[in-house]
Amino acid sequence: MTTLIETTDVSKAYGSFVALDRVSLAVRAGEFVSIVGPNGAGKTTLVNLLTGLLVPTAGHVRFKGRDIAGAGPVALAKLGMARSFQLVNVFPDLSVRETIAVGVVSRLGRSGAWWRALKRDRAVHESVERVAALFQLGAKLETRVATLAQGEKKLLDVARAFALSPEVILMDEPTSGVSTGDKHTIMRLLVDGAREVGVQAIIQVEHDMDLVEEYSDRVIALQEGRVLADTTPDAFFKDESLIATVIGKRH
Ligand SMILES: Nc1ncnc2c1ncn2[C@@H]1O[C@H](COP(=O)(O)OP(=O)(O)OP(=O)(O)O)[C@@H](O)[C@H]1O
Ligand SMILES: [Mg+2]
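Note that this is a predicted model, so its numbers are computed, not measured.

Peer 1: In this structure, what is going on with unusual backbone geometry? I would like to understand it.
Peer 2: Most peptide bonds adopt trans geometry, and most residues besides glycine take a negative phi value. Unusually for a residue other than glycine, Gln 136 sits at a positive phi of about 55 degrees. Positionally, Gln 136 belongs in the loop between α5 (122-134) and α6 (150-162). For Gln 136, a count of 14 C-beta atoms within 10 Å translates into the label partly exposed. A positive phi angle, near 55 degrees, is found at Glu 173, a position not held by glycine. Among the secondary structure elements, Glu 173 is positioned in the loop between β7 (168-172) and α7 (180-197). A residue is classified by how many C-beta atoms lie within 10 Å of it, and Glu 173, with 22 of them, is buried.

Given below as structure tokens:
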């Protein structure tokens, strides 16, 4: 299988504090990888390195063979990578339609203002409707983002990332702050949505072990900035001390 993302001995220090310590991993096409670990293990730091938001202190991060250290979201979206955030930072005054359109317009490379493209451009319009339908937001297209429930905001942030039609999508706790019942709905929608738009690999940070077990085919466990395990869900869930480490320090 093609390697899409690769890190070699990547480290990240904030001042003198080492948040990630020589992490090497490779993610191939077809994989759904869950990154797990206690609070402060370095999961978000890893996602920020993998998405070019942070520059590593040492080591390399490559996406499709290119070094992407600090590349930033616009360049990475063009290369085929999109992400959603742990803390959703959607614009509260935009509507659901406008929020998704920002992603669609940048994918289609339309010049000029996205809101003009939204009104006049049929391809943009159709693409927004399709992504909204995929994530069951079709009935909420005119709703102001500020008034959405937490779960809907999370879903919208994921939908916005999907609107870029990425090859790889990274999600930092896509179901945090969402009720248990809704978590499964969201995961199903995003797994089905990924197939629909041709996403080749999913990397998610996830605290909910039920979701890790049910949806991912690989688990990377971090502890204090190091890779503790990189294995199958089967092997992971058989290892009680590993699970205790991963969930032990939750608050
Ligand atoms: N900008 C920063 N400056 C200094 N320290 C930071 C910074 N960002 C993160 N850290 C520290 O680095 C460590 C790893 O943080 P990170 O956010 O990657 O953890 P996490 O595994 O995502 O945790 P959580 O489960 O709480 O989201 C933590 O100890 C955190 O306090
Ligand atoms: Mg985090």
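Peer 1: Hey, could you run me through the pairing of strand β2 (residues 17-28) in this one?
Peer 2: Put simply, side chains in a regular strand alternate between the two faces of the sheet. Of the strand pairs in this sheet, strand β1 (residues 3-14) and β2 are connected by eight bridges, and their pairing is antiparallel. By the bridge assignment, Ala 13 is partnered in β2 with Val 18. Linkage of β1 to β2, two consecutive antiparallel strands, is achieved through a turn of two residues, within which Gly 15 is found at a positive phi near 65 degrees.

Peer 1: Please clarify how the site of ligand 1 should be interpreted in this entry.
Peer 2: Neighbouring residues of ligand 1: Tyr 14, Phe 17, Ala 19, Gly 37, Asn 39, Gly 40, Ala 41, Gly 42, Lys 43, Thr 44, Thr 45 and Gln 86. For the shell around ligand 1, the elements supplying multiple residues, two or more each, are β2 and α1 (43-50). With three residues, α1 is the single largest residue contributor to the shell around ligand 1. Residues belonging to the shell around ligand 1 are distributed by class as follows: four nonpolar, seven polar and one charged.

Peer 1: Help me out: how do you make sense of α6 in this one?
Peer 2: Since one α-helical turn is 3.6 residues long, residues separated by three or four positions face the same way. The first and last C-alpha atoms of α6 sit 18 Å apart over 13 residues, in line with the 18 Å expected at 1.5 Å per residue. When you tally the buried positions in α6, you get 11 out of 13 residues, the bulk of the element. The set of residues buried in α6 consists of Glu 152, Lys 153, Lys 154, Leu 155, Leu 156, Asp 157, Val 158, Ala 159, Arg 160, Ala 161 and Phe 162. Buried positions along α6 lie against β6 (81-84), α3 (96-108), α5, β7 and α7.

Peer 1: Which parts of the structure should I look at to understand the packing of α3 against α6?
Peer 2: To characterise two packed helices, one gives the angle between the axes of the helices and the distance between these axes. For the pair α3 and α6, interaxial distance at closest approach is 7 Å and the crossing angle is 35 degrees. When you trace α3 past α6, the crossing you get is right-handed. Every residue of α6 that contacts α3 at Val 96, Thr 99, Ile 100, Val 102 and Gly 103 is listed here: Leu 156, Ala 159, Arg 160 and Ala 161. Of the residues that constitute the contact of α3 with α6, the class distribution is six nonpolar, two polar and one charged.

Peer 1: In this structure, what is going on with the nonpolar core? I would like to understand it.
Peer 2: It is characteristic of soluble globular proteins that their nonpolar side chains tend to be buried jointly. Ile 100, Val 131, Ala 159 and Ile 169 are the most contacted members of the largest nonpolar core, which has 66 residues in total. At six residues, the largest contribution of residues to this core is made by α6.

Peer 1: What exactly am I supposed to notice about the environment of Lys 183 here?
Peer 2: Assignment of secondary structure puts Lys 183 in helix α7. On a C-alpha basis, the gap between Lys 183 and Leu 211 in space is 8.0 Å, while along the polypeptide they are 28 residues apart. Beyond its immediate stretch of four places on either side in the chain, Lys 183 contacts Thr 175, Val 178, Asp 208 and Leu 211.

Peer 1: How should the environment of Ala 77 be read in this particular structure?
Peer 2: Within the fold, Ala 77 resides in helix α2 (residues 73-79). Separated by 87 residues in the primary sequence, Ala 77 and Leu 164 have C-alpha atoms spaced 6.8 Å apart.

Peer 1: What is the right way to read the packing of α6 against α7 from this model?
Peer 2: Contact pair α6 / α7: the axes reach a minimum separation of 11 Å and the direction vectors enclose 10 degrees. Comparing the axis directions of α6 and α7 gives the class roughly parallel. Counting all contacts with α6, which are made through Gly 151, Lys 154, Leu 155, Val 158 and Phe 162, the residues of α7 involved are Asp 182, Ile 186, Leu 190, Gly 193 and Val 197. Residues belonging to the contact of α6 with α7 are distributed by class as follows: six nonpolar, two polar and two charged.

Cut-off values and rules
- Residues numbered from 1 in each chain as written.
- Chains lettered and ligands numbered in written order.
- Predicted model: local features only at pLDDT ≥ 70, side-chain atom pairs only at ≥ 80, totals over all residues.
- Helix = DSSP H or I, 4+ residues; strand = E, 2+ residues; numbered from the N terminus.
- Buried ≥ 20, exposed ≤ 12 C-beta atoms within 10 Å, placed from the backbone.
- Pairing = 2+ DSSP bridges.
- Near = placed C-beta within 6 Å.
- Nonpolar A, V, L, I, M, F, W, Y, C, P; charged D, E, K, R; others polar.
- Expected span 1.5 Å × (residues − 1).
- Contact = placed C-beta atoms within 7 Å.
- Axes fitted to C-alpha atoms, helices over the stretch in contact; angles between N-to-C directions.
- Left-handed = near helix turned anticlockwise from the far one by under 90°.
- Core = buried A, V, L, I, M, F, W, Y, C linked by C-beta atoms within 7 Å.
- Parallel < 35°, antiparallel > 145°, perpendicular 65-115°, else oblique.

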